[in-house]
2 protein chains.
Amino acid sequence: MPLPEDEANELLLLGLLRRGPTHGYALNVLIAHDWDTCAALKKPTAYYLLKRMAQKGWVTWNKDHPARGLQRRIYRLTPEGEHAFWQLLRKNLSDYHPIYFAGDIGLSFLDALSPHEARDLLQKRLAQIQARRLALENAPAHAGAAALALEHQRYHLAAEAHWLEHVLETLTTYISSQEDIHGYPQPDSIEPA
Amino acid sequence: MPLPEDEANELLLLGLLRRGPTHGYALNVLIAHDWDTCAALKKPTAYYLLKRMAQKGWVTWNKDHPARGLQRRIYRLTPEGEHAFWQLLRKNLSDYHPIYFAGDIGLSFLDALSPHEARDLLQKRLAQIQARRLALENAPAHAGAAALALEHQRYHLAAEAHWLEHVLETLTTYISSQEDIHGYPQPDSIEPA
DNA sequence: ATTCAAATAGTCAATTTTGACTATTTTGAA
DNA sequence: TTCAAAATAGTCAAAATTGACTATTTGAAT
């Protein structure tokens, strides 16, 4: 039983090969350009998966013999690969793939820091989210295929920004209440000896 | 330069050890119970990371000698480990960690299916999201620590559900318009030979 | 004509991850 | 008390992942 991401990556490669026989470089460039928002598939991993799918009989390759230029492998889908594509697509669409937020670990230990420092750090995080949102707004609308994925990523980032803003509001309110009590701002926490 | 998830997992282990010396089993049970919504850290990986952090001088362990019961390692934080905790915490909080949705790969190839089948499959996905939301609503509010992470996961799942509902609405509208044109529902697509 | 950068096409060693496994101790039911 | 299941504590071989590397070809500037 492979991981869900593993299956998704295989699905991506099969889906791209379904458009027609392709060589490895084109696959990797396409993934890095048009799927950069939803796939973290590095080049060596792509070649590894292609080899593995070849063993499963889903893809084959043959060397081309260009009159000029580098010799290279032309990968193509087999009928079994076409079948696998449909199965993986149906599974991918019908399953929910849980998300783990690496950033939530830090939030779990937020109370180890002073509210002031926590707020400053999270504001940096929020700025990065907003920068990413801006970048995606200005991104050229990837024709058809990845459009839904792009819309999803935008929607997600908007939700992330809203949620972080809410957290920051809570923190700021707390800081204000502390200032009221003590009459002066709290110093930043120093790492205990 | 380690991966962000890697750093987050180290941060988690350090943060737990910061509460006091602990043996491996307790760490793993805690992670599986209280951090299951934000960390995908398996037992062998946890032991691997503990060993690696021991090499970095961040943690040490000594065997205990219980009068009865299994002998086991008691892991504890070194001063260097305490220092590393602060560094990793600050980095984790101030950085945004991009998310890759495995489910977006399938969405990119949605047009390979009939709108009818696509709708049915995505409705299954939505049902799973709603089930997970319900489970999290009824989850016992993990005391303090992971509360923010839980809130985040809830917020995220609500956004996911809303977005999928929007996609499904678009699909359904499209299906209706097709029915208007043809006067009868489209048959489910058959996998091409 | 030469040279330097970029595009093309992958490979490999080292690291990371995990499913499956071993082994002992405690608990609780019959 | 006896036996089985669950809790406890970790290990290991196999698989997956990737940073860094090699090597050739093309394009463009000089």
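Residues numbered from 1 in each chain as written. Chains lettered and ligands numbered in written order. Predicted model: local features only at pLDDT ≥ 70, side-chain atom pairs only at ≥ 80, totals over all residues.

By the naming in an unreviewed UniProt entry, chain A is Helix-turn-helix transcriptional regulator, taken from Thermanaerothrix solaris.

1. Some words on the pairing of strand β3 (residues 73–77) of chain B
Residue and element names in this part refer to chain B. Let me state the cut-off plainly: Strands are labelled as partners when DSSP assigns at least two bridges between them. Elements are defined by DSSP. Helices are runs of H or I of four residues or more, strands are runs of E of two residues or more, and each kind is numbered from the N terminus.
Sheet topology note: the strand β1 (residues 22–23)/β3 ladder contains two bridges and is antiparallel. The partner of Thr22 across the bridge, within β3, is Tyr75. Where strand β2 (residues 59–63) and β3 come together, five bridges link them in antiparallel fashion. Counted as the bridge partner of Asn62 is Ile74 from β3.

2. What about the relation of the copies chain A and chain B?
The two chain copies are related to each other by a rotation about an axis together with a translation along it. Applied cut-off: In superposing the copies, a least-squares fit is computed on C-alpha atoms, taking residues whose pLDDT is at least 70 in both. We call two residues in contact if the C-beta atoms placed from their backbones are at most 7 Å apart.
At an RMSD of 0.0 Å, chain A and chain B line up after a rotation of 180° and a shift of 0.0 Å along the axis. Taken together, the rotation and translation relating the two chain copies correspond to the operation of a two-fold axis. Among all residues of chain A, the one whose C-alpha sits closest to the rotation axis is Ala159(A), at a distance of 3.3 Å. With an isologous cut-off of 70% or more, the 100% of interface residues of chain A that recur at the interface of chain B puts this contact in the isologous class.

3. So, the environment of Tyr155(A)
Heads up, the rule is: A residue is called partly exposed when the number of other C-beta atoms within 10 Å of its own lies between 12 and 20, exposed at 12 or fewer, and buried at 20 or more, with C-beta atoms placed from the backbone.
Here Tyr155(A) shows up in helix α7 (residues 147–182). Of the residues examined, Tyr155(A) has 16 C-beta atoms within 10 Å and is grouped as partly exposed. Considering only alpha carbons, one finds Tyr155(A) and Glu169(A), 14 residues apart in sequence, at a separation of 21 Å. When residues no more than four places from it in sequence are discounted, the contact partners of Tyr155(A) are Ala159(B) and Trp163(B).

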